[in-house]
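So the chains spell out like this:
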Amino acid sequence: MTGAPQAGPGRLGRAPQAGPGGPGRPRRVGLRSLRSALGLFTILPVRAAPEIGREGAARAVLWLPVTGLLLSVPAAGVLLAVQAGGDSAPRRLLAAALGMGVLALLTGALHLDGLADTADGLGSRRPRDEALAIMRRSDIGPFGVAALLFTVLVQVTALATVAPGWPAAAALAVAAVTGRAAVVLATGPGSPAARPDGVGALVAGGTTARARIMTGAVLLAAAAATAAAAWGWYPAVRAVIAVLAGLCAAGLLRRLAVRRLGGMTGDVFGALVEVSSATVLLALALTA
């Protein structure tokens, strides 16, 4: 398995030549970057650039939080639809499972695949090159199975613990966005690429400090403001705590990957999404 995209509208390679500048160019670049992010990290049929280089990939990764927000809309819709049929504990569990399942489906299980490969590589306790070779294998080992089961179980049960209705939908959205914001924060100069190829090589160390700070600040402000406006100050505090917990969990995993693997890979970035999302939902459940 591998957490790096193998096919899709946006292929990895040489960046296309930019067109002439103009008043609408920033907007066109932004839309092109969003399409690239959707083409690389989802199964949505978007018109993305046929090839993407390091600069284009770095711009695309900045749109990952927006991608997470877009993906959370149909997932939350399924969650709310199932919950509307009753408020029993089994139905809430089913709604949470289907909501998280929609997220996995829309990404082609890309991040879950990366989580399994990362767990196998780090869990092997082999030297760097051997661990990276294990992560490239097409099979899944015991550490990968355990990581998948545990993470998905935490995500589903924690989401089912959150109050049904719009609070649960908001929790799903915050988890999806925070997991992808964690990827943006992990693309600084302290996170080099572990391999010379793949998504890790394209985006590792590719974002500016300003972009990373803005990503974290906007995420925290949006989560707090939305929760405060809808439910009051205590839910806003819970949202901030959950976001910070998710980002910290991803930061710890990033540090472990850099120390053990020498840097980041597409698999590790996928693992960051899943671990961060699970931590957000767990924090929201525990502070309910």
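Structure: above.
1. Considerations on the overall build of the chain
Move 1: Across its full length, the chain carries 12 helices and two strands.
Move 2: The helix and strand sequence of the chain, counted from the amino end, reads β-α-β-α-α-α-α-α-α-α-α-α-α-α.
Move 3: In the chain, 78% of the contacts between residues at least 6 apart in sequence involve partners at least 24 apart.

2. Some details on helix α10 (residues 209–231)
Move 1: With 23 residues, α10 extends 33 Å from end C-alpha to end C-alpha; this agrees with the ideal 33 Å at 1.5 Å per step.
Move 2: Among the residues of α10, those classed as buried are Ala 211, Arg 212, Thr 215, Gly 216, Leu 219, Ala 223 and Ala 227.
Move 3: On its buried side, α10 packs onto α3 (64–83), α8 (166–185) and α11 (233–261).
Move 4: At the C-terminal side of α10, Gly 232 shows a positive phi close to 115°.

3. Points about the packing of α3 against helix α4 (residues 89–106)
Move 1: α4 packs onto α3 with a crossing angle of 160° between their chain directions and a minimal axis gap of 8 Å. As judged from the angle between their axes, α3 and α4 are roughly antiparallel. Crossing hand, α3 versus α4: right-handed. Across the interface between the two elements, Leu 71, Ser 72, Pro 74, Ala 75, Val 78, Leu 79, Val 82 and Gln 83 of α3 pack against Arg 91, Leu 94, Ala 95, Ala 96, Leu 98, Gly 99, Val 102, Leu 103 and Leu 106 of α4.
Move 2: Among the residues making up the contact of α3 with α4, the classes are represented as 13 nonpolar, three polar and one charged.

4. Some points on a nonpolar patch on the surface
Move 1: A contiguous nonpolar patch, built from Trp 233, Tyr 234, Val 237 and Ile 241 and spanning about 440 Å² of accessible area, is present on the exposed surface.
Move 2: Looking at where Trp 233 falls in the secondary structure, it is placed in helix α11.

5. Remarks on the packing of aromatic side chains
Geometrically, a pair of aromatic rings is defined through the distance of the ring centres and the angle of the planes.
Move 1: According to the stated counting rule, one finds one aromatic pair in the structure shown.
Move 2: Seen in terms of ring centroids, Trp 233 and Tyr 234 are 5.9 Å apart; in terms of plane orientation they differ by 75°. Their pairing is edge-to-face.

6. Considerations on the pattern of salt bridges
Move 1: In this structure the tally under the stated criterion is four salt bridges.
Move 2: Arg 128 is the salt-bridge partner of Asp 129, the closest N and O atoms lying 2.9 Å from each other.

7. Some points on the environment of Leu 40
Move 1: One can find Leu 40 in helix α1 (residues 25–41).
Move 2: Sequence-wise, Leu 40 and Val 61 are 21 residues apart; in three dimensions their C-alpha atoms are separated by 9.4 Å.

Cut-off values and rules
Residues numbered from 1 in each chain as written. Predicted model: local features only at pLDDT ≥ 70, side-chain atom pairs only at ≥ 80, totals over all residues. Heavy atoms only, no water. Helix = DSSP H or I, 4+ residues; strand = E, 2+ residues; numbered from the N terminus. Contact = heavy atoms within 4.5 Å. Expected span 1.5 Å × (residues − 1). Buried < 20%, exposed > 50% of the residue type's maximum accessible area, 1.4 Å probe, protein only. Axes fitted to C-alpha atoms, helices over the stretch in contact; angles between N-to-C directions. Parallel < 35°, antiparallel > 145°, perpendicular 65-115°, else oblique. Left-handed = near helix turned anticlockwise from the far one by under 90°. Nonpolar A, V, L, I, M, F, W, Y, C, P; charged D, E, K, R; others polar. Patch = residues over 30% accessible without salt bridge, like charges linked within 9 Å, V, L, I, M, F, W, Y side chains within 5 Å. Areas by Shrake-Rupley, 256 points an atom, 1.4 Å probe, with all protein chains shown as cover. Salt bridge = Lys/Arg side-chain N within 4 Å of Asp/Glu carboxyl O. Phe/Tyr/Trp six-rings, centres within 6.5 Å; stacked < 30°, edge-to-face > 60°.

On their own, these measurements won't tell you what the molecule is for.
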